[in-house]
Amino acid sequence: MVRTIAIAILSTGIASLPAVAAAEWWVARDAVSKQCEIVPKKPDGTLVVDLGKKRYASEAEAKKAMAALADCNKQ
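Since this is a predicted model, take the numbers as computed values, not measurements.

About the criteria used
Residues numbered from 1 in each chain as written. Predicted model: local features only at pLDDT ≥ 70, side-chain atom pairs only at ≥ 80, totals over all residues. Heavy atoms only, no water. Core = buried A, V, L, I, M, F, W, Y, C linked by side-chain atoms within 4.5 Å. Buried < 20%, exposed > 50% of the residue type's maximum accessible area, 1.4 Å probe, protein only. Helix = DSSP H or I, 4+ residues; strand = E, 2+ residues; numbered from the N terminus. Contact = heavy atoms within 4.5 Å. Disulfide = S-S within 2.5 Å. Pairing = 2+ DSSP bridges.

A. Fine view of the nonpolar core. Membership of the largest hydrophobic core is limited to 9 residues, which are Trp-25, Val-27, Cys-36, Ile-38, Leu-51, Tyr-56, Ala-62, Ala-65 and Cys-72. Sorting the residues of this core by element identifies β1 (25-30), β2 (36-39), β3 (48-56) and α2 (59-68) as the ones contributing at least two each. Ignoring anything within four residues of it in the chain, the contact list for Leu-51 reads Val-27, Ala-28, Arg-29, Cys-36, Leu-69, Asp-71 and Cys-72.

So this is what it looks like as structure tokens:
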């Protein structure tokens, strides 16, 4: 009985990991077009450059940070 409950809890925890990882956002700039964008995965530094060097818990926080960055306001 205890073993069954432990397996159920463990499998539920493993299944929810992708949902937790998707709750991270970064402010990045495309290396070619120089346009700022918000991306759901950490920029690789080659095609998409990480501007804020920080991850954000929500997309709204990332948008607010993007508006404050000087590199994103240049046109």
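B. Seen up close, unusual backbone geometry. Despite not being glycine, Lys-34 has its phi angle at roughly 65°, a positive value. Inspection of the secondary structure assignment puts Lys-34 in the loop between β1 and β2.

C. Structural detail: the state of the cysteines. Enumeration over the complete set of coordinates arrives at 1 disulfide. Each sulfur in the disulfide pair Cys-36 and Cys-72 lies 2.2 Å from the other. On the S-S bond that ties Cys-36 to Cys-72, the torsion sits near -95°, and the link is left-handed. One end of the pair, Cys-36, is in strand β2; the other, Cys-72, is in helix α3 (residues 70-73), with 36 residues separating them in the sequence.

D. Molecular detail of the pairing of β2. Of the strand pairs in this sheet, β1 and β2 are connected by 4 bridges, and their pairing is antiparallel. The residue bridging Val-27 from the neighbouring strand is Ile-38, located in β2. In textbook terms, the turn of a hairpin is the stretch between consecutive antiparallel strands, and for β1 and β2 this stretch comprises 5 residues, one of which, Lys-34, has a positive phi near 65°.

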